[in-house]
Every structure is written in C-alpha cells, then in structure tokens.
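Okay, here's what each chain looks like letter by letter:
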Amino acid sequence: MKNYAKPGEVMYHVGLSREMLRGAKYALVPGDPGRVEGLAKALDPDAVYVASHREFTSWLARVDGEPVLVMSSGMGGPCITFVVEELGRLGVTTFIRVGTTGSLKEDLNLGDVVISKAAVRLDGASKAYAPAEYPAVADLDVTLALREAARELKVPFGLGITVTTDSFWPGQERYDSFSGYVPRHLQGSLKEWQALGCSNFEMEAATLFTLCSVHGLRAGAICGVVAKRTDSEAVAPPETYKVAEKRFQKVAKRALEKLIAADKD
C-alpha cells in the first residue's frame, strides 16, 4: 500500500505539501537550483515560486492547464532518492530529469541534447532499492514523448544509454581533479563505455530510473551536452550552455504537452 502524505503534511526534506503542489502529477527535476526559475518560466511565463528548502528550490508552472512542478534535485543519486520518495508521497507520478552532460560519442556535439533510454548503474543509492542485476530503464512513454518533441522542434539529439556515476572526477575518468589521480580499475573506463555504445556521462539518471520503476512511477531524462569527452575534459563556455539550455527547455515543454494530452485521452 502506498504511503501518501496526509492533508497539510509537509515533507521533511523537500519542504512541500500536497496543497502546495495544487495537484501536480508531473515534475521536471534539474539538478541546479539556479536552473529552476528559467525552466519554469520557459514552460509558463506566469510560473510562481513555491518554496526553497535545503537544495530543493521549487516553482509551479501550468502546461495546457495542468500544474507542473519544477524542483531542483541537487547533485547525485542520494539527492534523487529524496525527490522520488517525497514527491511520490505528494502525488507526483511522472519525473523528467533535465540537466547537463558530457557526451561520449563523436556525433553528439556541444549544445546537442541526449535523451536517455536507460542508464548504467554506477551510482550507489539505487543499490539500496534493487540488486545490481535490476535494470535502470526509462519509461517508454516519457522517452518517446521526448524523442518526438526533439524531432518536431528539429533539435539535434541523441538517444542512448547513459552512464551514471557518483563521482564527477575518477568515476568519469577525469584527470583534471585536485590530485589528478584515477584508480587503476577506472583507468581506461571511458573507452570501455564508448566501446559498449554508451552515449554520455551524468550523475542522476540511473537512480531516478531505478526508483521510479521500483515504485511504479514514470521517469525520463534529457540533458544538454556541455562537455565533449571525445575531445577533452573541458566544460563548454557559458554561451554553449545557453544554447543547450534553450533546447532542453523547449523539448521538455513539448514532451509534457504530449504526455498531458495522452494521459487525458
């Protein structure tokens, strides 16, 4: 039996109640609190601020008359567990991660977007919910909505398997850390993921997909490419980030419109 929140009950970590969400069943979850307002207003110019508690900043927008929560998740798998557990208790059923990523493929360029159909579980948090053999798979309807939205809008995109790590540096075989040290078992891992056909590195999708599958919820992910790991470890300049941001904002909104229409039918 699902443990839904009681009327007026405020979730301890995200600082939200059912009343504050106004019936929202859809949530966009960027990692960065600074990304929330712009994303919410891209969905709805009249979007309103709701709350800010810990790393969770929340705004409420409306898309085709439906309330949509836009809330930062913070970085990494452990933060995602708070998002899914507590928003699930508040009645959210569809989660879309919207963020940034490093591409692993030559044909995924800076400013493009990546839609994740599944994720490699190199995180730790999801293992508290399901054994390592359990797949981290995005919801089919959400993924197809994102793909069709990108096609309609003519946004350059890739559809692939994401590698979700707990470490931005050794976990993604980056040598630009404080020490420059990468443990031996991770040296060469970038080329291995490329050889296996994986599309990108990021830090939240696998946890999100696993938890939503376990709890009977829907999840998808779309990320803008701000580092091309086939070329270097460098993160792209701000102007490239802005291009990626505008693209994933437009695609996320169109995908929501498609999901909302399908759910009403």
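First, a word on what this report is: a plain description of the structure on this page. A quick note: this is a predicted structure, and the numbers were derived from the prediction, not measured.

**Side note on unusual backbone geometry**
Thought 1: For Arg54, which is not glycine, the phi torsion reads 55° and is therefore positive.
Thought 2: Structurally, Arg54 is set in the loop between strand 2 (48-53) and strand 3 (56-63).
Thought 3: For Lys154, which is not a glycine, the phi torsion comes out positive at approximately 60°.
Thought 4: Residue position: Lys154 is located in the loop between helix 4 (140-153) and strand 8 (157-165).

**Considerations on the layout of surface pockets**
Thought 1: Of the volumes computed, that of the largest pocket is approximately 400 Å³.
Thought 2: Taken together, 20 residues form the lining of the largest pocket, with Met75, Thr100, Thr101, Phe168 and Met203 sitting closest to its centre.
Thought 3: Where the lining of the largest pocket is concerned, the elements lending two or more residues are strand 5 (94-103), strand 9 (200-202) and strand 10 (218-228).
Thought 4: For the lining of the largest pocket, the leading source of residues is strand 5, giving five residues.

**Observations concerning the nonpolar core**
Thought 1: Core analysis: the biggest nonpolar cluster contains 32 residues, and Leu16, Leu69, Met71, Leu87, Phe95, Leu208 and Phe209 have the highest contact counts within it.
Thought 2: Elements with a contribution of two residues or more to this core: strand 1 (26-29), strand 3, strand 4 (66-71), helix 3 (77-89), helix 6 (205-215) and strand 10.
Thought 3: Counting residues per element, this core draws most heavily on helix 6, at six residues.
Thought 4: Other than its neighbours up to four places away in sequence, Leu16 contacts Glu9, Val10, Met11, Leu21, Val50, Ala51, Ser58, Leu69, Met71, Leu87 and Leu90.
Thought 5: Membership of the second largest hydrophobic core comes to 30 residues, among which are Leu43, Trp59, Val68 and Ala145.

**Overview of helix 3**
Residue pairs spaced three or four apart in an α-helix point in one direction, given the helix's 3.6 residues per turn.
Thought 1: Taking 1.5 Å as the rise per residue, helix 3 with 13 residues should run 18 Å; its terminal C-alpha atoms sit 19 Å apart, in good agreement.
Thought 2: A large share of helix 3 lies buried, amounting to ten of its 13 residues.
Thought 3: For helix 3, the complete set of buried residues consists of Gly77, Cys79, Ile80, Thr81, Val83, Val84, Glu86, Leu87, Gly88 and Arg89.
Thought 4: Tucked inside the fold, the buried residues of helix 3 contact helix 1 (18-21), strand 1, strand 3, strand 4, strand 5 and helix 6.
Thought 5: Positioned one or two residues after helix 3, Gly91 has a phi angle of 100°, which is positive.

**What about the side chain of Glu173?**
Thought 1: Tracing the backbone through its elements, the reader meets Glu173 in the loop between strand 8 and helix 5 (189-195).
Thought 2: Engagement of the side chain of Glu173 in a polar contact is seen with the backbone nitrogen of Gly188, the distance being 2.8 Å.
Thought 3: Filtering out sequence-adjacent residues up to four positions away, Glu173 remains in contact with Val182, Leu186, Gln187, Gly188, Ser189, Leu190, Arg229 and Glu233.

Reading guide: rules and limits
Residues numbered from 1 in each chain as written. Predicted model: local features only at pLDDT ≥ 70, side-chain atom pairs only at ≥ 80, totals over all residues. Heavy atoms only, no water. Helix = DSSP H or I, 4+ residues; strand = E, 2+ residues; numbered from the N terminus. 1 Å grid on protein atoms, 1.4 Å probe; cavity = no way out; pocket = protein on both sides within 12 Å on 5 of 7 lines; lining within 4 Å. Points joined across faces, edges and corners; volume = space filled by probe spheres on them. Core = buried A, V, L, I, M, F, W, Y, C linked by side-chain atoms within 4.5 Å. Buried < 20%, exposed > 50% of the residue type's maximum accessible area, 1.4 Å probe, protein only. Contact = heavy atoms within 4.5 Å. Expected span 1.5 Å × (residues − 1). Polar contact = N/O pair within 3.5 Å; in protein donor to acceptor, adjacent residues only side chain to side chain.

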